[in-house]
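# Close look at the chain arrangement
Listed here are the chains, written in short residue letters.
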Amino acid sequence: MKTQVAIIGGGPSGLLLGQLLHKQGIDNIIVERVNGDYVLGRIRAGILEQGLVGLLHEAGVAERMMQEGHVHDGVELSINDERFRIDLKKYADGSSVMCYGQTEITRDLMAAREAAGLATLYEAENTELHDVKTDSPYVTFIKDGEPHRLECQFIAGCDGFHGVSRKTIPDDSRKEFERVYPFGWLGLLSDTPPCNEELIYAKTDRGFALASQRSSTRSRYYLQVPLTDKLEEWSDDAFWAELKKRLPADVAEGLVTGPSIEKSIAPLRSFVCEPMQYGNLFLVGDAAHIVPPTGAKGLNLAASDVATLYKVLTRVFKEGDRSAIAQYSPICLRRVWNGERFSWWMTNMMHNFDEGVAKDGTDRDTQQRFMDSELHYYLTSEAGQRVIAEQYVGLPYEELA
Ligand code: APR
Ligand code: PHB
């Protein structure tokens, strides 16, 4: 088999990249470890920056999002029962965010790929990347018990945090940065109307909670939980009872509860791999970086990588300008680090940390007071709200030189 760009991983990064390359007449094949239903079964966030909304339009897959998605002009943060609304539109120069589930984007991209007749090779096992430093890299894998070889000019590693692409870069050619947080998020999805029109990020003495949504009839809620908690220990009733205690009282009063349709615990991590390009291999999305979900930046950072890579590859294939390749990693990393810093800051501000004494000797309670005061300052000053709004809606994409 032969193609111009081999894409490893058929999650949102791989699918969006494939569609945008196809629109530019660049041939690509996706190699995916699991099947399509499994990919769609992963429940992830659903707040899209305008850059991603624009990319979905460019890829020709925005129709359903425009019909079913909801534009949010603001976002709420609360401290115990005190609510603060950040007017995104006002403080981020008229920008807002789109509320539309990642699962739905994935579904739309899969349908577009199928309609365009583009190949996705599902259930590929033992994927390996070869000769990525040469002009003729190739990918090998086993499918239906048979070995396969896919020859290409470039490989896009869109295979998530646990994929093989990043590990293909030799240890002495990459540096990894990581912060693992001492708690997780317990998420619950239910067919109940959202408790508020906009999202509420709630900081409380009992820990963090998030009230999010997928539509006017489907809600998504999260609770900060110790990493030692087991899913079986959290009945739906226990979840709703704890959520009520963490949401501002007036919101909790109107909370509609119901049976969960999905419930899971996810750890929180900040992670970056540098560089994001090695020879003719590019790392994209979760394969190169992970953010804690506070701030909703995961999918949006993946999208800005895709935006940059498809422009780089378009330049290479259409203009024969290989110098664009070296621009990929520095352009992506500037934006990635901003998203990492913002997500880390939001996580620090909104959660309860129970780590005893900090490295500099500050005890936990004092540390917590510093953070409470910082958050309160940001939420009550115009400058602070602008800082949060600008980053929540997302920084502009950087163009190639
Ligand atoms: N070979 C082929 N495919 C693989 C391999 C492999 N060895 N390992 C993993 N994959 C596939 C996974 O099965 C998955 O479908 O790669 C895909 C990676 O998808 P995601 O993990 O969703 O990552 P990405 O596409 O970068 O999505 C961006 O950012 O923070 C998140 O929530 C956000 O999931 C979103 C992500
Ligand atoms: C979600 O809807 O799942 C969601 C929204 C915002 C976040 C994280 C998750 O910051």
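Relevant structure appears above.
Because the structure is predicted, anything quoted here is derived from the model rather than measured. (Residues numbered from 1 in each chain as written. Chains lettered and ligands numbered in written order. Predicted model: local features only at pLDDT ≥ 70, side-chain atom pairs only at ≥ 80, totals over all residues. Heavy atoms only, no water.)

Another aspect to go through is the overall build of the protein. Of the regular secondary structure elements, the protein holds 13 helices and 20 strands. For 401 residues, the compact-globule formula gives about 21 Å, and the C-alpha radius of gyration of the protein, at 21 Å, lands near that figure. Projected onto its principal axes, the C-alpha positions of the protein cover 60 × 45 × 40 Å. Looking at the protein as a whole, 56% of its 401 residues are labelled buried. Accessible surface for the protein amounts to roughly 17,200 Å². Of this, 49% is attributable to carbon and sulfur atoms. In the protein, 43 side chains carry a positive charge and 59 a negative one; their mean positions are 1 Å apart. (Helix = DSSP H or I, 4+ residues; strand = E, 2+ residues; numbered from the N terminus. Rg over C-alpha atoms; globule rule 2.2 N^0.38 Å. Buried < 20%, exposed > 50% of the residue type's maximum accessible area, 1.4 Å probe, protein only. Areas by Shrake-Rupley, 256 points an atom, 1.4 Å probe, with all protein chains shown as cover. Lys, Arg positive; Asp, Glu negative; His and termini not counted. Charge placed at Lys NZ, Arg CZ, Asp CG, Glu CD.)

The next point concerns the sheet that holds strand β18 (residues 277–278). Pairing is mixed across the open sheet formed by six strands, whose spatial order is β8-β2-β1-β12-β19-β18. At either margin of the open sheet sits one strand with a lone partner, and together these are β8 (120–121) and β18. Strand direction decides the pairing type here: strand β2 (residues 28–31) and β8, joined by two bridges, are parallel. Across the sheet, residue Val31 finds its bridge partner in β8, namely Leu121. On top of the sheet, helix α10 (residues 298–319) reaches β1 (5–8), β12 (154–157) and β19 (281–283); it is set at about 175° to β12, its chief contact. (Pairing = 2+ DSSP bridges. Contact = heavy atoms within 4.5 Å. Axes fitted to C-alpha atoms, helices over the stretch in contact; angles between N-to-C directions.)

This brings us to helix α12 (residues 364–380). Under the 1.5 Å per step criterion, the end-to-end length of α12 is 24 Å for 17 residues, consistent within 8% with the ideal 24 Å. The set of residues buried in α12 consists of Gln368, Met371, Leu375 and Leu379. The buried residues of α12 occupy an angular sector of 70° when the element is viewed end-on, so they sit on one face. The exposed residues of α12 that point more than 90 degrees off its buried face are Arg369, Phe370 and Tyr377. The elements touched by buried residues of α12 are β5 (74–79), β6 (82–87), β14 (200–203), α11 (328–350) and α13 (382–393). One side-chain oxygen of the residue at the start of α12 lies 3.1 Å from the amide nitrogen of Asp365, identifying that residue as Asp363. (Expected span 1.5 Å × (residues − 1). Arc of directions from axis to C-beta. Polar contact = N/O pair within 3.5 Å; in protein donor to acceptor, adjacent residues only side chain to side chain.)

So, about the packing of aromatic side chains. Counting across every chain of the model gives 15 aromatic pairs. Seen in terms of ring centroids, Phe154 and Phe317 are 5.7 Å apart; in terms of plane orientation they differ by 85°. Their pairing is edge-to-face. Taken together, the residues Phe154 in strand β12 and Phe317 in helix α10 connect sequence positions 163 residues apart. On the accessibility criterion, Phe154 (2% relative accessible area) is buried. Judged by centre distance (5.2 Å) and plane angle (85°), the ring pair of Phe282 and Tyr328 falls under edge-to-face. Highlighted residues: Phe282 in strand β19 and Tyr328 in helix α11, separated in sequence by 46 residues. Residue classification places Phe282 among the buried positions, given a relative accessible area of 0%. You can call Tyr328 buried: its relative accessible area is 0%. (Phe/Tyr/Trp six-rings, centres within 6.5 Å; stacked < 30°, edge-to-face > 60°.)

The subject of this paragraph is the site of ligand 2. By nearness alone, 13 residues border ligand 2, and Tyr201, Ser212, Arg214, Tyr222 and Pro293 come closest of all. Tyr201 places a polar side-chain atom, nitrogen or oxygen, 2.7 Å from an oxygen atom of ligand 2. Bound to the protein, ligand 2 loses 99% of the 280 Å² it would expose on its own. Tallied by class, the residues present in the shell around ligand 2 amount to eight nonpolar, three polar and two charged. (Near = heavy atom within 4 Å. Nonpolar A, V, L, I, M, F, W, Y, C, P; charged D, E, K, R; others polar.)

This brings us to the environment of Pro259. Within the secondary structure, Pro259 is located in the loop between α9 (249–253) and β17 (260–274). Distance from Pro259 to His70, taken between C-alpha atoms, is 24 Å for residues 189 residues apart in sequence. Residues within four places of Pro259 in sequence aside, it is in contact with Leu189, Ser190 and Asp236.

Turning next to the pattern of salt bridges. Under the defined criterion, the tally for this structure stands at 26 salt bridges. Across the pair Arg64 and Glu104 runs a salt bridge whose closest N-O atoms are separated by 2.8 Å. Of this pair, Arg64 sits in helix α4 (residues 63–68) while Glu104 sits in helix α6 (residues 102–115), and the two are 40 residues apart along the sequence. For the salt bridge of Asp87 with Arg85, the shortest nitrogen-to-oxygen distance reads 3.9 Å. Look at Asp87 and you get partly exposed, because its relative accessible area is 23%. A cluster of three or more residues bridged by salt bridges with shared partners is formed by Arg64, Glu68, Glu104, Arg107 and Asp108. (Salt bridge = Lys/Arg side-chain N within 4 Å of Asp/Glu carboxyl O.)

So, about the sheet that holds strand β7 (residues 97–99). Across the sheet, three strands lie side by side as β3-β7-β4; this open sheet has antiparallel pairing. Here the strands that pair on one side only, and so sit at the sheet edges, are β3 (47–48) and β4 (70–72). As paired strands, β3 and β7 are joined by two bridges and run antiparallel to one another. For Ile47, the partnering residue across the bridge sits in β7 and is Cys99.

Core analysis: the biggest nonpolar cluster contains 74 residues, and Leu16, Leu17, Leu48, Leu52, Leu56 and Ile155 have the highest contact counts within it. Among the elements that take part in this core, α10 stands out by supplying nine residues, more than any other. Not counting the four nearest positions on each side in its chain, Ile155 is found in contact with Ala6, Ile8, Leu129, Val132, Pro137, Tyr138, Val139, Asn280, Leu281 and Phe282. (Core = buried A, V, L, I, M, F, W, Y, C linked by side-chain atoms within 4.5 Å.)

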